[in-house]
Amino acid sequence: MARKLNTPTSPSATAMERAIADDLAGRRSHYPERVAFIDADEPHAGREITAALDDGYAIVLVSPDGRERILAEQAPAA
């Protein structure tokens, strides 16, 4: 039997759970197809952003107050 832990949920986990619930309910997502949710105040956020972009993911950077910014890799102009 699964038990719910009494631990606070991170802002990125809350955003990801909301995105999953929207998908399961058949609502259209405003997120890119492949996306990683990262807490903006995470000590290693820069490293996580770089790794996700290297793996082909867009980023949803979530601030502690719940604000979201979507980041995607873009090739530099020639």
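Report follows, based on the coordinates. (Residues numbered from 1 in each chain as written. Predicted model: local features only at pLDDT ≥ 70, side-chain atom pairs only at ≥ 80, totals over all residues. Heavy atoms only, no water.)

A closer look at the packing of aromatic side chains
Stage number 1. Per the stated rule, a full pass over the model turns up one aromatic pair.
Stage number 2. Against the face of Tyr57 rests Arg34, its NZ or CZ located 4.1 Å from the ring centre. (Phe/Tyr/Trp six-rings, centres within 6.5 Å; stacked < 30°, edge-to-face > 60°. Lys NZ or Arg CZ within 6 Å of the ring centre and 35° of its normal.)

Re the pairing of strand E3 (residues 68-71)
Stage number 1. Note: strand E2 (residues 58-62) against E3, four bridges, orientation antiparallel. By the bridge assignment for E3, Val60 is matched with Ile70.
Stage number 2. Hairpin connection between E2 and E3: a loop of five residues separates the two successive antiparallel strands, and Gly66 in this loop has a positive phi of roughly 95°. (Pairing = 2+ DSSP bridges. Helix = DSSP H or I, 4+ residues; strand = E, 2+ residues; numbered from the N terminus.)

No statement about biological role is implied by the geometric values presented.
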